[in-house]
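# Summary of structural features
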Amino acid sequence: MENKKRYEWVDFLKGFGAILVVIAHFWPYAINLYNKSINSFDSIFSKIVLGYVDIGKIGVGLFFIISGYLTANVFKKKTILQFIKDRIRRLYPVYWLSILLSLLLIGPSTIKVILINLTMFQQFVGVPNIIGAFWTLQIDIIFYSIIIMLFLIRKFNDKKVINGTFLSLNIMAIIMSIGKYCLNKNFPVAIGLLLSLTFIGLMIKRNEEKKEYNIFIAILCFIVTCIVSSLFAYSDKMVNLNISLRYIISYMIALLIFFMSKKFIKKKNFLCYLGKISYSIYLLHATIGYFVMQKLLQYFSINMYLNIIISIFVTVSFSMLCNEYVENIWLKFYKKRENNNEKIL
């Protein structure tokens, strides 16, 4: 029963995070699309979405905490090869579909950009993402690489090594932020911050079985890192602190929501279902949603808020179909293939 409850609240968080990201992206896109002067009500909504709190960053923060939480004990049941295969099967089918849809609905790209984006390694070689939301996937790949390496050297379950890795990621974020401030270079500060959140999720999960990590100290360390990194990296030379505060407050809220959901979410709800299709929602919203929004304005000139609501509905509906007829069918195909191979052996 405990496992069932655990995954219900995890699904809730994934669904909640996905909707936050969608709203955070749809709102500014709609404002620009409608070339709208913001009235008092719009201003209030803008402050909720992208004010001192950025709900999109809350959603992304939740995704990374969950990622660490769910992979904390992954190698107890899987080999490295099984883990890599599972990640490929899970990540690539919808990812490739999102690229295809972007090319068809949003616009073409060069052959080089398309081919390199198909690998999911584009940011490592300086090639732009076809879809902006792809930027988080490279951080996922880095995290998977770190835990695979730790497992290979037999340190994945070593408390001191996990703590050292976590501390190193925090230090990396601070160094990159100072480098960005002093050298005016666009260093990827978010990598260190989000990977730190991922390791907090990992430590939380392991503490459920054995109290070996001091979560309070880890979170305190992350808060200090987040404050220092955000001030150096995102404050426009300490002149405009709004963006810095946005990062700090949003990631703190993500941690708070994680702990609250873990404690209080006990029953299934619609967000739990959305959590099961959250990967499709995350990858497809910037293609399906933006396309629908454009066409609704072009052909029907409907109210901006109604347009956003319909676009979210279409995005979720398409993601449901994608989950059913792309993700699930792909996974069933590979499972059947593996079963056949086992029978042959």
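Refer to the structure printed above.
Here is a short report on the structure shown in this document. Nothing here was measured: the structure is a model prediction, and the numbers come from that model.

## Here we look at the pattern of salt bridges
Counted under the stated rule, the structure contains eight salt bridges. For E327, the salt bridge identified is with R90, shortest N-O distance 2.5 Å. Taken as a pair, E327 in helix 13 (residues 304-344) and R90 in helix 4 (residues 80-105) lie far apart in primary sequence, 237 residues in all. Its relative accessible area of 7% is what places E327 among the buried residues.

## Focus on the packing of helix 8 (residues 189-209) against helix 9 (residues 215-234)
Packed helix pairs are characterised by how far apart their axes lie and by the angle those axes make with each other. Contact geometry of helix 8 with helix 9 gives a least axis separation of 10 Å together with a crossing angle of 170°. Looking at the two axes, helix 8 sits roughly antiparallel to helix 9. In this structure, helix 8 uses V189, A190, L193, S196, L197, I200, M203, I204 and N207 to contact helix 9, whose residues at the interface are I215, A218, I219, F222, T225, C226, S229, A233 and Y234. Broken down by class, the residue content of the contact of helix 8 with helix 9 amounts to 14 nonpolar, four polar and no charged.

## Some thoughts on the side chain of R246
Topologically, R246 is positioned in helix 10 (residues 242-264). The side chain of R246 sits in the buried core without any salt bridge; D54 is the nearest counter-charge, 4.8 Å away.

## What to know about helix 8
Counted at 1.5 Å a residue, the expected span for helix 8 with its 21 residues is 30 Å, and the 32 Å between its end C-alpha atoms agrees. Burial runs high along helix 8: 19 of the 21 residues are buried.

## Regarding the nonpolar core
For soluble globular proteins, nonpolar side chains are generally found buried alongside one another. Within the largest apolar cluster, 107 residues are counted, with the highest numbers of intra-cluster contacts made by Y95, I200, F222 and F258. The greatest single-element share of this core, amounting to 14 residues, is contributed by helix 1 (residues 2-33). Apart from residues lying up to four places away in sequence, Y95 is in contact with N117, L118, M120, Q122, F134, L137, Y279 and L283.

## Quick word on the packing of aromatic side chains
As enumerated under the stated definition, the model contains 27 aromatic pairs in all. Geometrically, the ring pair formed by F63 and Y282 is edge-to-face, given 5.8 Å between the ring centres and 80° between the ring planes. Taken together, the residues F63 in helix 3 (residues 55-70) and Y282 in helix 12 (residues 278-300) connect sequence positions 219 residues apart. Each of the two residues, F63 as well as Y282, counts as buried. Consider the rings of F83 and Y144, whose centres lie 5.5 Å apart with planes at 80°: the pair is edge-to-face. Residue F83 is found in helix 4, and its partner Y144 is found in helix 6 (residues 135-152); the two are separated by 61 residues along the sequence. Since its relative accessible area comes to 3%, F83 is described here as buried. Across from the ring centre of Y247, 4.4 Å away, lies the NZ or CZ of K57, which sits over that ring. Over the face of the ring belonging to F156 we find R206, whose NZ or CZ atom lies 4.4 Å from the ring centre.

About the thresholds
Residues numbered from 1 in each chain as written. Predicted model: local features only at pLDDT ≥ 70, side-chain atom pairs only at ≥ 80, totals over all residues. Heavy atoms only, no water. Salt bridge = Lys/Arg side-chain N within 4 Å of Asp/Glu carboxyl O. Helix = DSSP H or I, 4+ residues; strand = E, 2+ residues; numbered from the N terminus. Buried < 20%, exposed > 50% of the residue type's maximum accessible area, 1.4 Å probe, protein only. Axes fitted to C-alpha atoms, helices over the stretch in contact; angles between N-to-C directions. Parallel < 35°, antiparallel > 145°, perpendicular 65-115°, else oblique. Contact = heavy atoms within 4.5 Å. Nonpolar A, V, L, I, M, F, W, Y, C, P; charged D, E, K, R; others polar. Lys, Arg positive; Asp, Glu negative; His and termini not counted. Expected span 1.5 Å × (residues − 1). Core = buried A, V, L, I, M, F, W, Y, C linked by side-chain atoms within 4.5 Å. Phe/Tyr/Trp six-rings, centres within 6.5 Å; stacked < 30°, edge-to-face > 60°. Lys NZ or Arg CZ within 6 Å of the ring centre and 35° of its normal.

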